[in-house]
Amino acid sequence: MSKIKVVHYINQFFAGIGGEEKADIKPEVREGFVGPGMALNGAFKGEAEIVATIICGDSYFAENLEEAQKEILEMIKPFSPDLFVAGPAFNAGRYGTACGAICKAVKDELNVPVLSGMYIENPGADMYKKEVLLVETINSAAGMRKAVPAMAKLALKLAKGEAVGTPAEEGYIAQGLRRNVFVDKIGAERAVDMLVAKLKGEAFETEYPMPVFDNVAPNPAVKDITKAKIAIVTSGGIVPKNNPDHIESSSASKYGKYDISGFDFLSSADHETAHGGHDPVYANECPDRVIPVDVLRDMEKEGKIGSLHKYFYSTTGNGTSVANSKAFAEEFSKELIADGVDAVILTST
Amino acid sequence: MVKEVERAGIPVVHIVTVVPISLTVGANRIVPAIAIPHPLGNPALNEVEEKKLRRSIVEASLEALTTEVTDQTVFPVK
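These numbers come from a predicted model, not from an experiment.

## A closer look at the domain arrangement of chain A
Residues and elements named next belong to chain A. By domain assignment, chain A separates into domain 1 (4–170) and domain 2 (225–347). If you average the C-alpha positions of domain 1 and of domain 2, the two centres end up 35 Å apart. Taken residue by residue, the interface counts seven residues in domain 1 and five residues in domain 2. Considering only residue class, the side of domain 1 that touches domain 2 consists of one nonpolar, three polar and three charged.

## Quick look at the sheet that holds strand β4 (residues 83–86) of chain A
All names here are of chain A. One open sheet accounts for six strands, arranged β2-β3-β1-β4-β5-β6; its pairing is mixed. At either end of the open sheet lies a strand with only one pairing partner, and these are β2 (28–31) and β6 (134–137). When strand polarity is set aside, the average angle formed by the axes of neighbouring strands in this sheet is 20 degrees. Running at roughly 155 degrees to strand β5 (residues 114–119), helix α6 (residues 144–160) makes contact with β1 (4–11), β3 (48–56), β4, β5 and β6 of the sheet.

## Quick word on the sheet that holds strand β1 (residues 12–16) of chain B
The strand order across the open sheet formed by seven strands is β9(A)-β11(A)-β7(A)-β12(A)-β1(B)-β2(B)-β3(B), and the pairing between neighbours is mixed. Looking at strand neighbours, the two that pair on one side only are β9 (256–259) of chain A together with β3 (73–74) of chain B, the edges of this open sheet. Relative to strand β2 (residues 29–32) of chain B, β1(B) runs parallel, the two being bridged by three bridges. Bridge pairing in β2(B) places Ile15(B) opposite Val31(B). Relative to β2(B), helix α3 (residues 47–65) of chain B is tilted by about 165 degrees, and along the sheet it contacts β12 (343–347) of chain A together with β1 and β2 of chain B.

## Considerations on the interface of chain A and chain B
Each partner contributes residues to the interface: chain A has 47 residues there, and chain B has 44 residues. Put simply, the parts of the chain that give the side of chain A that touches chain B at least two residues each are α2 (58–63), α5 (123–128), α9 (281–285), α10 (293–302), α11 (322–338) and β12 of chain A. Tallying contributions element by element places α11(A) first for the side of chain A that touches chain B, with eight residues. A per-class count over the side of chain A that touches chain B returns 26 nonpolar, 12 polar and nine charged. Pairing between β12(A) and β1(B): four bridges, direction parallel. Looking at β1(B), one finds that Leu346(A) is bridged to His14(B).

Calculation rules
- By convention here, each chain's residues receive numbers from 1 onward along its written sequence.
- Think of it this way: whatever chain is written first is A, whatever ligand is written first is 1, and the rest follow in order.
- Totals for whole chains, interfaces and linings use every residue, but because this is a predicted model, local features are given only for residues with pLDDT of at least 70 and side-chain atom pairs only at 80 or more, for both listing and counting.
- Here the limits of each domain have been adopted from an automatic or database domain assignment.
- Contacts are defined on C-beta atoms placed from the backbone: any two residues whose C-beta positions lie within 7 Å are in contact.
- Each residue is assigned to one class: nonpolar for Ala, Val, Leu, Ile, Met, Phe, Trp, Tyr, Cys and Pro, charged for Asp, Glu, Lys and Arg, and polar for all the others, Gly among them.
- For two strands to count as paired, DSSP must find a minimum of two bridges between them.
- Strands are runs of DSSP state E lasting at least 2 residues, helices are runs of H or I lasting at least 4, and numbering of each runs from the N terminus.
- Only the stretch in contact is used when a helix axis is fitted, and all axes are lines through C-alpha atoms; the angle between N-to-C directions ranges over 0 to 180 degrees.

Have a look at this one:
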C-alpha cells in the first residue's frame, strides 16, 4: 500500500521566515516538510509523508480570507493529497483562525480529510471545532512535543477512514456531536451512583456538561450622540511612552487607565504600543491608528459628540486569557458608569 | 471585554479587522477595521488621506452606537 500523501499548512513564523514583520507574506508552497513538519512527518512512522508544505503570513490570511483560501486551494490541488494538516496553532489567534478556515475549505472543496490543533481559547477553536477536528493543545509552542504525536495518530485514522473515538480518547476539542451508545446500567442507576458519589465527596463525571450560553443582549442605542460622553477602550495595547505600568506584550495580567485630557492627538513622542502580537511599527509611529484620539477630539470640538472621556483603558489582546479579559472589563466598566460614560468605542488589533 | 462593557449596560461598538472573530465571540455592534497592525489607519496614504479614512471609520462607529440593533450587526464604513 502506497504512503498516505499529506499536505501541511504552517505560518511564516513556524516556517522560519520571520516574525510579525513577515506576517503579510502571501502563500507559497514548498516540497516536503518545513519546520514542525519534520516532527510531524517522523511521527507518521512511514505510513504517511508530507509531500508539500503551504506557508502563509498570518496577517495576509486574516486580512484576505477569500483570496488566500482560493490561492492556497490551487496550490494544494496538484499534489492530490490524501490528508491535509494545519498547524498546530496553539494560542496564536490569526494562525488558529487560518488553520480552521483552510481546513474547512479543503474539506468542502477538495473532499480530503483534514485535521488541525490549537488551544481551546484560540478564536479559531470556537469558530471551526464543529466542522474540523482540532487536537487540543496547551497555549504555547512548548506543547509541540505532545501535540505532534497526538495529531499524527488522529490524522492517520482519518486518512485510513478508521472510526474516531471520543474527544477524551483521541484528545480533540469536543464538537458537540451526540452518538448513541449502549451501557450496562440503566439511567436511573447511573444517576443514583453519581448522586451518591457527589454526596460522599468522591469524583464523578457528568454525562452531559451544561452548555454555556454567553450572549449579551445589545444595549439601546445612544439617543443623542451630540451630547454623549464617549470612552475609548482598546486591546491594542496603546500605553504612555515607556509603558510605565509594564503591560505585558502577551498574556496581559493587567490593564492601564490613562489620561488623555491634555492630548489633541497621540504621537510617538508620548505613546507607544505594548502589543507583541503584530508588527508594532505602524502603531508606534501613530498611536491614533489604534485609538482615534485625534478624530474624536476634532468631533468633540465640532460638537459632533458630547465629549471624549478623559481616560482610556488599555490592555494587550495578544493571548490574553478570556478570564482576565472578562475581569478587566467588569472592573473598569464600573468606573465608566460612575464617570457617566454613555458609550464605548473598543478597538482591537 | 466587549461583552462585559455591554453587560454593564453601556452601548459599545467593536472596531476590529477580523470580523468573523468578533461575530463568534459575540459583539453586537461591529465596524470593520483596515488591518491588524493599523486598524484605524493606512501607512500607504498621506497624513491627510489617512485622517479622512480614520474619520470615516469613527463615523461608522457613531452610526453603530446610534442605531438600535436586535442581533449582531456589522456596520460597513462608507
